[in-house]
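One-letter residues, chain by chain:
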Amino acid sequence: MACNANKVPFLRVIARRGFAAVSNPRPLGQPAQVQTKVLENKAVVASAESQLPVCRVSIVFRAGARFENYENLGASHMLRIAGSLTTQNATAFALTRNLQQKGVGLSVTSDREVVSYTVESTLESVECALHYLQEVIQPAFKPWELSDAVPWVKTQVAAVPPQVRAIELLHKAAFRRGLGNSVYIPKFHIGSLSTESLLHYVANNCTAGRCAVVGVGIEHDALVGFARSLPLNSGGDTSDTSTYHGGDARKDTPGNYTHIAVAGQGAGLSNQTEALAFAILQYAMGAGNATKRGNVNGPMGQAVHAAMGDDRFAFAALNASYFDAGIFGFVLSGDAQKVGNAAAGAVKALKSGSVSDKDINRGKALLKSAVLEAYGIDSHVLTEMGVQACLTKQVQSAEALVSAIDGVSAQDVQNAAKKAGSSNLSVGAVGNLSHVPYASELV
């Protein structure tokens, strides 16, 4: 079956106009310049020029795991699964065959706050890509397809790395509900979510007020026209708030290896200065190896290295900022006999509430490098644009973010360190937990 997207006149107009987007592509490595517009239905549209003759378009909804309740836990995971299943107007076979025939890539990703539907195509195939992108945001959730997907879902859940499981448990301990919901469906809900409950979840969360349409390599006016043509309900942008609590969530497994995630209270994106201060603090305290075989840096990283000695281990500072809340701490994997002392040393560095000016300056430099790198790669800038547009209704340029980072004072970073260190700690751990301390023991 040939792609029938050319039967949609409006999309043909978009495809023709989209060629103008690469008439003057930005030089390689130069940060993307972003245009943003809020539509009458409260949906946000953002676009940027591309370095390559490839179009990337995402439709992003505030429909992540935090918006699930106990009855529909795992609904956002099923939205990822449904990205390749039958929609309201197209069968799974037609979706797969037509996209493959045109060489269009389709992916669905989600986290705790957003669900993103993304297509990647050449300019010649952009009308087919946009046609089926519009289709996949209208999943049908056919009962027989949900049943057939059960083995696939079980495999995905079973294949979650232990470090990720530790971070999932950390969120559960920190927030309990809302942001504490896992991005993976719980085992007791696999195969039990009905078509009606999933359609209800989509109707409540995939609305115009909770939507952003972002693109790289497509003309801004064409993207605005495409966004206006989307069949979106006129729901508002209501959201639930999550409160940080702290506590423990642990899962014992056999072996001699331990994965532990420890964090205190962080900052939400709604307070940009504080969120940037925590982002700087992440790199200042030890965000991982600066070189392939180098030692971890920063106070927390050095404390872990001193405790683990020559044993192999993995460590990185952890900073997760959501719209209204956040967590800050670290993730550590290592020998079960030593990981407890290493975690205690890292917590001691965290609770000191003090960061040297040298570490702060290094953290600023590394963060600015990360921002410029993200805005210099098309796939990365698309992700950044989608999250910012969906959560804050605006997208900042790389220059604005770098300027904002420079504007964060050393005192702001010190205050962030004190906030994380003085709050109740949360601990998520997986593996041999014989030497893993509880949150109340980490003082």
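Residues numbered from 1 in each chain as written. Predicted model: local features only at pLDDT ≥ 70, side-chain atom pairs only at ≥ 80, totals over all residues. Heavy atoms only, no water.

An unreviewed UniProt entry annotates the protein as Peptidase M16 N-terminal domain-containing protein originating from Glossina brevipalpis. Note on the protein: under the UniProt heading Subcellular location (unreviewed entry), the record states "Mitochondrion". (UniProt positions renumbered as here; feature names shortened; annotations may be inferred.)

Draft legend 1. View of the layout of surface pockets. Taken as a whole, the largest pocket encloses approximately 1,300 Å³ of empty space. Lining the largest pocket are 34 residues; nearest its centre among them are Leu 269, Asn 319, Ser 321, Glu 384 and Val 387. Counting only elements with at least two residues in the lining of the largest pocket, the list comes to helix H10 (272–286), strand S9 (314–321), helix H13 (357–376), helix H14 (378–392) and helix H15 (398–406). The residue makeup of the lining of the largest pocket, split by class, is 21 nonpolar, nine polar and four charged. Two domains each provide a minimum of three residues to the lining of the largest pocket, namely domain 1 (35–229) and domain 2 (247–441). By volume, the second largest pocket amounts to about 650 Å³. If you go around the second largest pocket, you meet 24 residues; those closest to its centre are Glu 168, Leu 169, Ser 182, Tyr 184 and Pro 186. Contributing elements (two or more residues each) for the lining of the second largest pocket: helix H7 (162–175) and strand S7 (247–252). (1 Å grid on protein atoms, 1.4 Å probe; cavity = no way out; pocket = protein on both sides within 12 Å on 5 of 7 lines; lining within 4 Å. Points joined across faces, edges and corners; volume = space filled by probe spheres on them. Helix = DSSP H or I, 4+ residues; strand = E, 2+ residues; numbered from the N terminus. Nonpolar A, V, L, I, M, F, W, Y, C, P; charged D, E, K, R; others polar. Domains from an automatic or database assignment.)

Draft legend 2. Here's a closer look at the sheet that holds strand S11 (residues 426–431). If you walk across this open sheet you meet the five strands as S7-S11-S8-S10-S9, and the pairing is mixed. Across the chains shown, the open sheet's two edge strands, defined by having one partner strand only, are S7 and S9. Taking the axes of each pair of neighbouring strands and ignoring which way they run, one obtains an average angle of 10° across the sheet. Bridge count between S7 and S11: six bridges; the pairing is parallel. (Pairing = 2+ DSSP bridges. Axes fitted to C-alpha atoms, helices over the stretch in contact; angles between N-to-C directions.)

Draft legend 3. Geometry of helix H16 (residues 410–422). The end-to-end C-alpha distance of H16 is 18 Å, a good match for the 18 Å that 13 residues give at a rise of 1.5 Å each. Every buried residue of H16 is accounted for by Val 413, Gln 414, Ala 416, Ala 417, Ala 420 and Gly 421. Around the axis of H16, the buried residues are gathered within 155° of arc, so they sit on the same side. Where H16 is buried, its residues meet strand S8 (257–265), H10, strand S10 (326–335), helix H12 (339–351) and H13. (Expected span 1.5 Å × (residues − 1). Buried < 20%, exposed > 50% of the residue type's maximum accessible area, 1.4 Å probe, protein only. Arc of directions from axis to C-beta. Contact = heavy atoms within 4.5 Å.)

Draft legend 4. The nonpolar core, seen in detail. With 64 residues, the main nonpolar core has Ile 260, Leu 281, Met 300, Phe 330, Leu 332 and Met 385 as its most contacted residues. Tallying contributions element by element places H10 first for this core, with eight residues. The two domains that each donate at least three residues to this core are domain 1 (35–229) and domain 2 (247–441). Apart from residues no more than four positions distant in its own chain, Leu 281 is found in contact with Phe 328, Val 355, Val 413, Ala 416 and Ala 417. Core analysis: the next-biggest nonpolar cluster, separate from the first, contains 56 residues, Leu 79, Val 126, Val 202 and Ala 208 among them. (Core = buried A, V, L, I, M, F, W, Y, C linked by side-chain atoms within 4.5 Å.)

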